[in-house]
Amino acid sequence: MGSRFTFGGDEHLLVECADEMSMRSFFKSLSAAQLIKKSPLVGLDEINAGNASYLIKFNPDFIKPAELLSEIKKIDRIAENSVPVIETRVVEIPVFYKDPWTHETGMRFRERHQDPTVTDLEYAASLNGYATVEEFINAHHSSPWFVSMVGFVAGCPWLYQMVERQYQIEVPKYLRPRTDTPRHTIGHGGCFACIYAVQGAGGYQMFGVTPVPIFDPLATHSHIDESMVFFRPGDIVKFRAISSHEYDAISADVRDGIFSLKTIPVEFDLREFEENSPNYNRALLDKLDGS
Amino acid sequence: MGVKVLNSGLSTTIQDLGRPGYFHLGIPMSGAMDQKAMRIANLLVGNPENAAGLEIVFTGPTLRFDEACLIAITGAEMPFKLDGVSQSSWQSIQVEKGQTLEFDYLRAGARCYLSISGGINVPLVLGSRSTYLVGSFGGMHGRPIAAGDILPLGRCDFMASQVGKNLPTKMLPNIGVREIRVLLGLYSYRLTEGSISKFFSEKWVVASEADRMGYRFKGGQALEFVERKAPFGAGSDPSNIVDSSYAYGSIQVPSGTEPIILHRDAVSAGGYFTLGAVISADMDLIAQLQPNTSIQFVSIDMHQALLARAERVAEMKEIRGYISNS
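Since this is a predicted model, take the numbers as computed values, not measurements.

> It is not clear to me how the overall build of chain B should be interpreted in this structure. Could you clarify?
Across its full length, chain B carries four helices and 20 strands. Taken over the C-alpha atoms alone, chain B extends approximately 65 × 40 × 30 Å along its principal axes. Expressed as a percentage of its 326 residues, the buried residues of chain B come to 58%. Residue pairs at least 24 apart in sequence account for 76% of intrachain contacts in chain B once pairs closer than 6 positions are excluded. For chain B, the accessible area works out to roughly 12300 Å², and carbon and sulfur atoms hold 51% of it. Here chain B holds 29 positive side-chain charges and 30 negative ones, and the gap between their average locations is 3 Å.

Okay, structure coming up:
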């Protein structure tokens, strides 16, 4: 399927690479965004790439919409044939599953949920064919995830599970969004996981929390640069289940400024991944474990 | 020195023209929702147009000036007094050290802009002094101003010739416009044609959830979607899409019921379809809509959108010329 091009008012051009999510579409949107950033086109204010589309904010005082459209169509065709290889990093994110804070919040908004008689974890486990919550949690953290978009509020990552489609966890969002979600909640909606960067409204099912800050407006955490936001599209995340005791220990390290995140640089080749994703993932995670 | 906050008002925030460039990370551009009113307030007191001032929404603050300066108040109609004496908006006013500014209740519009000579000199964060409330940074420690705050001012040696500068009535922006122009597009293909024409023919009323992130509307009939098999990753509701980046001004309609126009503190992405976007020339108008105001969306094409944009640029140029020559 070819890309679809459409204007959003007189300052935005949206390019939808495909209407469904796939690693291929993500790589195309990322390549197109990089090519556009390197292009000599004038009047471009910002490019937001993610999942299966990219959005260009432009200034029509400097580039006519029709001219921009024809240039972007050319770049989009080049992106279609880009080699899907990126230099990126694997990051280990500790998660306290079944934590008391998301549990309490979930109970507070139970009437907005599909099934008020069970927890978010119980609901997601049974919907995805797992006999127990423990098996579901195990599936959630045993394979890596790909950061396919960053944004929403203050650097929240969207994460796409790096397993074949039939094994991907899928859940609907809450019937009506909650007005509250604990900071650092690990959420899930559709096929995407997310990490809530700050406390606030949200509609994703809640599975746990991480003690690791991912948004840093006061510049106090060494793993986050001056952009305030930790994640970038293309990052690979490995969740690791931790106990409440370890959650407290890491939180204390974060508070004392001595926390360091386990991260390794890797090259990711989509073609090799598609050939045999279980083996490819195992090699990635072995590198992380050996670091 | 500076300006002492005696009473904060409902949600008074420090804003300049904004913080573009970080939306791809989920940090919106923020800045004054009515950019034209903010620019004019700054021009009237002799500031650069991008100086930081106050955005005042629905109810005003009470402020004591602990140094002499010039101020100008633009935007919504909200009468105000300096030491008990009524003053006019859309003009520069000399303030003596120790004087107190108080606002009466809102008469028309929704947001006032207060500019002070020298500008409010809080630290720049990612290149801007604008407050981003959800991210808790910018402005006054990332929050609205509060009683007891002292707003620091930049250098304040204003020119005597700047005192009393004003704008003729014909140059004042019309905050009473009730038609919002929209370029149809983005994910509008999700809707039936009948539903699209109904959207543009109905009256929509501003809901109570109307803030810097977005303006919600109600009162129209639920939209009708074209049937489909949900694409992988989109979610099962007909208004769901595979989460994608949102444009400023874009109109999303979760579950097809209540349209939301994203404004300057918008979330950068999400999984609801959008049917198009408000044109750049009309974004300031939204800032002046009170809850319960009834409006109509008007469908226009790109050519008309660019003409409206050019008109707005010409008006601003005329205002600059008038203020610098008067």
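We are not done yet, so read on.
> I'm lost on the packing of aromatic side chains in this one. Help?
Between two aromatic rings, the relevant description is the distance of the centres plus the angle of the planes. One pass over the structure, following the stated rule, counts 28 aromatic pairs over all chains. Between A:Trp101 and A:Tyr247, the aromatic rings sit 5.2 Å apart at their centres with planes inclined by 40°, giving tilted as the arrangement. Of this pair, A:Trp101 sits in helix α3 (residues 100-108) while A:Tyr247 sits in helix α6 (residues 244-256), and the two are 146 residues apart along the sequence. For A:Trp101, a relative accessible area of 39% gives the class partly exposed. In this structure A:Tyr247 comes out as buried when scored by relative accessible area, which is 15%. Taking 6.1 Å as the distance between ring centres and 45° as the angle between the ring planes, the aromatic pair formed by A:Tyr160 and A:Phe192 counts as tilted. Here A:Tyr160, found in strand β7 (residues 156-161), pairs with A:Phe192, found in strand β9 (residues 192-195); they are 32 residues apart in sequence, far enough to count as distant. When the ring centre of B:Phe232 is taken as reference, the NZ or CZ atom of A:Arg165 above it lies at 4.0 Å. One Lys or Arg, A:Lys173, reaches over the ring of B:Tyr272 and ends 5.8 Å from the middle of that ring.

> Hey, could you run me through helix α1 (residues 23-38) of chain A in this one?
Each α-helix winds once per 3.6 residues, and so residues spaced three or four apart point in a common direction. Taking 1.5 Å as the rise per residue, α1(A) with 16 residues should run 22 Å; its terminal C-alpha atoms sit 23 Å apart, in good agreement. Residues of α1(A) that are buried: A:Met23, A:Ser25, A:Phe26, A:Phe27, A:Lys28, A:Ser29, A:Leu30, A:Ser31, A:Ala32, A:Ala33 and A:Ile36.

> What is the right way to look at the layout of surface pockets in this model?
Estimated volume of the second largest pocket: approximately 840 Å³. Taken together, 31 residues line the second largest pocket, and the ones lying closest to its centre are A:Glu11, B:Gln35, B:Arg39, B:Arg309 and B:Arg312. When contributions to the lining of the second largest pocket are tallied by element, the ones reaching two or more residues are β4 (53-58) of chain A together with α1 (35-44), α3 (283-287) and α4 (302-325) of chain B. Ranked by the residues each element gives to the lining of the second largest pocket, the list is headed by α4(B), at five residues.

> Which parts of the structure should I look at to understand the sheet that holds strand β3 (residues 44-50) of chain A?
Pairing between the strands of a sheet comes from backbone hydrogen bonds, and it takes one of two forms, parallel or antiparallel. Residues and elements named next belong to chain A. One open sheet accounts for four strands, arranged β1-β2-β4-β3; its pairing is antiparallel. The sheet is open, and its two edges are formed by β1 (4-8) and β3, each paired on a single side. Looking at each pair of strands side by side, their axes are set apart by 15° on average, direction ignored. Pairing geometry for β3 and β4, over six bridges, is antiparallel. Looking across to β4, one finds that Ala49 is bridged to Tyr54. The sheet strands contacting α1 are β3 and β4, and the helix crosses β3 at an angle near 165°.

> Even after reading the chapter, I still don't get the pattern of salt bridges, so can you show me in this structure?
Side chains that differ in sign of charge can pair as their charged atoms come close. Taken as a whole and judged by the stated rule, the model has 35 salt bridges over all chains. Residue A:Glu11 is joined to A:Lys57 by a salt bridge in which the shortest nitrogen-to-oxygen separation is 3.9 Å. On the criterion of sequence distance, the pair formed by A:Glu11 in the loop between β1 and β2 (12-16) and A:Lys57 in strand β4 is long-range, its members being 46 residues apart. Side by side, A:Glu11 and A:Lys57 carry an identical accessibility label, which is buried. A salt bridge links A:Glu274 to A:Arg24; its shortest N-O distance comes to 2.7 Å. Of this pair, A:Glu274 sits in helix α7 (residues 270-275) while A:Arg24 sits in helix α1; the two residues are 250 residues apart in sequence, bridging distant segments of the chain. Residues joined in a network through salt bridges with shared partners are A:Asp10, A:Glu11, A:Asp45, A:Lys57, A:Asp61 and B:Arg309.

> Even after reading the chapter, I still don't get the domain arrangement of chain A, so can you show me in this structure?
For an interface, size is often stated in terms of accessible area lost upon the parts coming together. Residues and elements named next belong to chain A. Looking at chain A, the domain boundaries give domain 1 (4-82) and domain 2 (87-290). Between the C-alpha centres of domain 1 and domain 2 there is a distance of 28 Å. Linking domain 1 with domain 2 are two salt bridges, by the criterion used here. Close ionic contact of Glu20 with Arg165 constitutes a salt bridge, the shortest N to O distance being 3.5 Å. Between domain 1 and domain 2 we count four residue pairs in polar contact (both at pLDDT 80 or more) in total. Put simply, the parts of the chain that give the side of domain 1 that touches domain 2 at least two residues each are α1 and β3. Counting residues per element, the side of domain 1 that touches domain 2 draws most heavily on α1, which supplies five residues. Looking at side-chain class alone, the side of domain 1 that touches domain 2 contains six nonpolar, three polar and two charged residues.

Rules used in this analysis
Residues numbered from 1 in each chain as written. Chains lettered and ligands numbered in written order. Predicted model: local features only at pLDDT ≥ 70, side-chain atom pairs only at ≥ 80, totals over all residues. Heavy atoms only, no water. Helix = DSSP H or I, 4+ residues; strand = E, 2+ residues; numbered from the N terminus. Buried < 20%, exposed > 50% of the residue type's maximum accessible area, 1.4 Å probe, protein only. Contact = heavy atoms within 4.5 Å. Areas by Shrake-Rupley, 256 points an atom, 1.4 Å probe, with all protein chains shown as cover. Lys, Arg positive; Asp, Glu negative; His and termini not counted. Charge placed at Lys NZ, Arg CZ, Asp CG, Glu CD. Phe/Tyr/Trp six-rings, centres within 6.5 Å; stacked < 30°, edge-to-face > 60°. Lys NZ or Arg CZ within 6 Å of the ring centre and 35° of its normal. Expected span 1.5 Å × (residues − 1). 1 Å grid on protein atoms, 1.4 Å probe; cavity = no way out; pocket = protein on both sides within 12 Å on 5 of 7 lines; lining within 4 Å. Points joined across faces, edges and corners; volume = space filled by probe spheres on them. Pairing = 2+ DSSP bridges. Axes fitted to C-alpha atoms, helices over the stretch in contact; angles between N-to-C directions. Salt bridge = Lys/Arg side-chain N within 4 Å of Asp/Glu carboxyl O. Domains from an automatic or database assignment. Polar contact = N/O pair within 3.5 Å; in protein donor to acceptor, adjacent residues only side chain to side chain. Nonpolar A, V, L, I, M, F, W, Y, C, P; charged D, E, K, R; others polar.

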